[in-house]
Every structure is written in C-alpha cells, then in structure tokens.
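# Observations on the model geometry
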Amino acid sequence: MSYVANLRKLCNEYAKCQACAFGKTAFYDKAPYRVFYRGNVPASLMFVGEAAGKREAAFGTPFIGPSGDLLNRILAWQNIPQNDIFITNSIVCNGDGVSKPTTEAIDACNDRLKKMIEIVSKL
C-alpha cells in the first residue's frame, strides 16, 4: 500500500473518533473540522503542533493561521520547499480552536500520531 493510501486509511480510522471530549466537538465533513495534516508523504521534515486554532478548525488544515504564516516565512528563509514537509498536531480535534489539549485528548490521539510518524518517516 502506498504512503498516501496508508495515510488516508489512518485518517479514516480516526474520522469519527469519540475517545475524548474534543472528539465530540469536531467533525470530519463540516466545520469545526478534525485537522489531520498538510504536506506530502514521505517527507524529509515533519512538524507536530499542539492543536488546531480557530482558523485551522474552520478550514480543516493545520498551521494556516498566524503560527502558520510564521512557519512559512521561516521555511522560505531557510530555503526549505513546502513539498518536502509534513505538518500535523498532537490532537486532531479542537472544536473551539481555543482550548488547550487535555491529557485525555493527547492520550486518545497518541496512537494516531505514532502511526502518522511511521507513515511519514518511511519506517
């Protein structure tokens, strides 16, 4: 199975997860979205953020708010091409885009993050 197929399969497994309180406030098919990733697989460089902010939850894409703008400037400054990176968060759900991840949410998403790292890093 290809990297992309493995990544899609993993996201589908967590698309309707209800393992924590955050999972009950985010959706796969409408806002506020579950925010899985952006970037390419395999990737040479992977960034893992804390959780989606308001803008990310509204559009379903990580690091597109102020933090993403800063990251994009840093990547450009270092001549790191966007097609060589992969970005995700420690948790995929953050319905209000404001709350800090709870231990419960991080634990619930931990296996997903480990599997994502394996897929992206070609392990």
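The text that follows walks through the structure, step by step, so that each part is easy to find. (Residues numbered from 1 in each chain as written. Predicted model: local features only at pLDDT ≥ 70, side-chain atom pairs only at ≥ 80, totals over all residues. Heavy atoms only, no water.)

### Comments concerning unusual backbone geometry
Note the cut-off: We count a stretch as a helix when DSSP gives it H or I for four or more residues in a row; a strand needs E for two or more, and each element gets its number in order from the N terminus. Here the term buried applies to any residue with accessible area under 20% of the maximum for its type, exposed to any over 50%, and partly exposed to those in between, with areas from a 1.4 Å probe on protein chains only.
That bond from A31 to P32 is cis: its omega, -5°, falls within 30 degrees of zero. A positive phi angle, near 55°, is found at F63, a position not held by glycine. In this model, N79 sits at a positive phi of 55°, which is unusual for a non-glycine residue. Mapped onto the fold, N79 is located in the loop between helix 3 (66–77) and strand 3 (85–89). With relative accessibility at 67%, the residue N79 sits in the exposed group.

### What to know about the nonpolar core
Taken as a class, soluble globular proteins show a tendency for nonpolar side chains to be buried jointly. Applicable threshold: Buried Ala, Val, Leu, Ile, Met, Phe, Trp, Tyr and Cys residues form a nonpolar core when they are joined through side-chain atoms within 4.5 Å. Note on definitions: a residue-residue contact is assigned when non-hydrogen atoms from the two residues lie within 4.5 Å.
Counting residues in hydrophobic clusters, the biggest one holds 19 residues, and the most contacted among them are L7, F22, F86, M116 and V120. Counting residues per element, the ones that place at least two in this core are helix 1 (3–13) and helix 4 (103–120). Looking at this core, the element that brings in the most residues is helix 4, giving five residues. Setting aside residues up to four positions removed in sequence, V120 forms contacts with V41, P42, A43, M46 and F86. Counting five residues, the second-largest nonpolar core is a separate cluster that includes F63, L75, I85 and I87.

### Things to note about the side chain of T88
Secondary-structure assignment places T88 in strand 3. Note on T88: relative accessible area 0%, which makes it buried. In contact with T88, not counting residues within four places along its chain, are F36, Y37, M46, F47, V48, G49, F63, R112, L113 and M116.

### Focus: the environment of F36
You can see F36 is positioned in the loop between helix 1 and strand 1 (38–39). Among all residues touching F36, those that are not within four sequence positions of it are C11, Y14, A15, Y28, I87, T88, V92, R112 and M116.

### What about helix 3?
How we decide: Here the expected span of a helix is defined as 1.5 Å times the quantity of residues minus one.
With twelve residues, helix 3 should cover 16 Å at 1.5 Å per step; its first-to-last C-alpha distance of 17 Å lies within 8% of that length. If you follow the buried residues of helix 3, they end up packed against strand 2 (45–49) and strand 3. Phi turns positive, to about 55°, at N79, one or two residues after helix 3.

### Some details on the packing of aromatic side chains
Note the cut-off: Any two rings among Phe, Tyr and Trp, with Trp reduced to its six-membered ring, count as a pair given centres within 6.5 Å; such a pair is stacked if its planes are under 30 degrees apart, edge-to-face if over 60, and tilted if neither.
Inspection of every chain in the model, using the stated rule, returns two aromatic pairs. Seen from their ring centres, Y28 and F36 are 6.0 Å apart, and the 70° between their planes marks the pair as edge-to-face. According to the relative accessible area criterion, F36 is buried, its value standing at 7%. Measuring from centroid to centroid gives 5.1 Å for Y37 and F86, while their planes differ by 15°, and the two rings are stacked. Taken as a pair, Y37 in the loop between helix 1 and strand 1 and F86 in strand 3 lie far apart in primary sequence, 49 residues in all.

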